[in-house]
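What follows is the residue order along each chain.
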Amino acid sequence: MLTISESLRYLLFQIRKPGDPMRVSEVDAFAWALGCSLDRITPVDLILKPPSPDQLRSADVVLIGGAGDYSVPEGGSWLEGALDSMRELHATGKPTFASCWGFQAMAAALGGQVVSDDLCAEIGTIAIDLTEAGLQDPLFKHLGTPFFAHVGHHDTVIRRPPGTTCLGRTNLVPNHAFRFDGLPIYCTQFHPELQVSVMKERLKTYPTYVERIAGMTFERFIASLRETPKANSLIRRFVEHFFRS
């Protein structure tokens, strides 16, 4: 018998260059986190075109991941169309889980503010503290505080959208996770879909960035990574919570 997460249909919003190997790796990562087969996830490239009404209608859950070389503050001709897709998710109450770039895009689309700031950049396996609301949240309270998660960003949400509740923070970043109140939409700056092996694979593409932000050699940084089982449970917990019969 299939579990809830195995039986649902997912639409994955991607924002990546055509040759980016993470296009495939990202699908694999979300499938692993959900415990579902790859054929349950349909990727859609927001740079090329927005999802069709039929794609949105047929999906049970929308996932939004990272973006590699793209940035919300830097924008691009494609950005406003992508943000319109986020607004559609919010307006229809489509169950949505957004991480990293998705977290920033959902914030920007619904009235928050995102900036590029290396002083608030984070990379690696870091400790995240739950807020008081996070300690009471049906999904986050099971993680304990602090919990560890994989992070890689230099864009930061400095103002959350109206109608959201902050669930997690770090010393550098006060908005590390939020939910839209009354809606099945959760957003995290961290990557609950990543394992250490995938984190290593991604960061090999940006060794000088790693050294600049982490302040250590790439080899030493890679050795500092650790698995994050509590964070990794979050996306499956999300679908089980909202689709439990």
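Up top is the structure.
Cut-offs and rules
- Residues numbered from 1 in each chain as written.
- Predicted model: local features only at pLDDT ≥ 70, side-chain atom pairs only at ≥ 80, totals over all residues.
- Heavy atoms only, no water.
- Helix = DSSP H or I, 4+ residues; strand = E, 2+ residues; numbered from the N terminus.
- Rg over C-alpha atoms; globule rule 2.2 N^0.38 Å.
- Buried < 20%, exposed > 50% of the residue type's maximum accessible area, 1.4 Å probe, protein only.
- Contact = heavy atoms within 4.5 Å.
- Areas by Shrake-Rupley, 256 points an atom, 1.4 Å probe, with all protein chains shown as cover.
- Pairing = 2+ DSSP bridges.
- Phe/Tyr/Trp six-rings, centres within 6.5 Å; stacked < 30°, edge-to-face > 60°.
- Lys NZ or Arg CZ within 6 Å of the ring centre and 35° of its normal.
- Arc of directions from axis to C-beta.
- Salt bridge = Lys/Arg side-chain N within 4 Å of Asp/Glu carboxyl O.
- Axes fitted to C-alpha atoms, helices over the stretch in contact; angles between N-to-C directions.

(A) Up close: the overall build of the protein. On a plain count of helices and strands, the protein comes out with 11 helices and 11 strands. Relative to its length of 245 residues, the protein is compact, with a C-alpha radius of gyration of 17 Å against a globular reference of 18 Å. Principal axes of the C-alpha set define a box for the protein whose edges measure 45 × 40 × 40 Å. Across the 245 residues that make up the protein, the buried fraction comes to 53%. In the protein, of all internal contacts separated by at least 6 residues, the share reaching a separation of at least 24 is 75%. Here the protein displays about 10,700 Å² of accessible surface, and carbon together with sulfur accounts for 53% of that area.

(B) Focus on the pairing of strand β7 (residues 147-153). Judged by how many residues are buried, β7 sits mostly within the fold: five of seven residues are covered. Sheet analysis places strand β6 (residues 122-130) next to β7, joined by seven bridges and oriented antiparallel. Bridge pairing links A127 to F148 in β7.

(C) Spatial organisation of the packing of aromatic side chains. Here the structure, examined in full by the defined rule, presents 10 aromatic pairs. In textbook terms, an aromatic cluster arises when at least three aromatic residues are bridged by ring pairs, as seen for F97, F140, Y186, F238 and F242. Sitting above the plane of the F148 ring, R226 keeps its charged end 3.9 Å from the centroid.

(D) How the structure looks around helix α7 (residues 196-203). All of the buried residues in α7 are V196, V198, M199, R202 and L203. Buried positions in α7, seen along its axis, are confined to an arc of 160° and lie on one side of it. Close packing links the buried residues of α7 with α2 (22-34), β6, β7, α8 (207-214) and α9 (218-224).

(E) Structural detail: the environment of F30. Summarising the element assignment, F30 is placed in helix α2. Linking F30 and R9, residues 21 residues apart in sequence, is a C-alpha distance of 12 Å. Each residue touching F30, except ones within four places of it in the same chain, is listed here: L12, I41, L63, I64, G65, S99, E193 and I235.

(F) How the structure looks around the pattern of salt bridges. Under the criterion given, the structure shown has nine salt bridges. Residues R57 and D54 are paired through a salt bridge, measuring 3.7 Å at the closest nitrogen-oxygen approach. Taken together, the residues R57 and D54, both in helix α3 (residues 53-58) and three residues apart, mark about one turn of the helix. Accessibility expressed as a relative area gives 48% for D54, which makes it partly exposed. E80 is the salt-bridge partner of R87, the closest N and O atoms lying 2.9 Å from each other. Overall, the relative accessible area of 45% leaves E80 in the partly exposed class. When salt bridges with common partners are traced through the structure, they connect E80, D84 and R87 into a single cluster.

(G) A look at the sheet that holds strand β10 (residues 177-180). The strand order β2-β1-β3-β4-β11-β10-β9-β6-β7 describes an open sheet built from nine strands, whose pairing is mixed. The sheet is open, and its two edges are formed by β2 (41-45) and β7, each paired on a single side. Within this sheet the neighbouring strands show an average axis-to-axis angle of 25°, counted without direction. Sheet analysis places strand β3 (residues 61-64) next to strand β4 (residues 96-99), joined by three bridges and oriented parallel.

That's the geometry; what it means functionally is another story.
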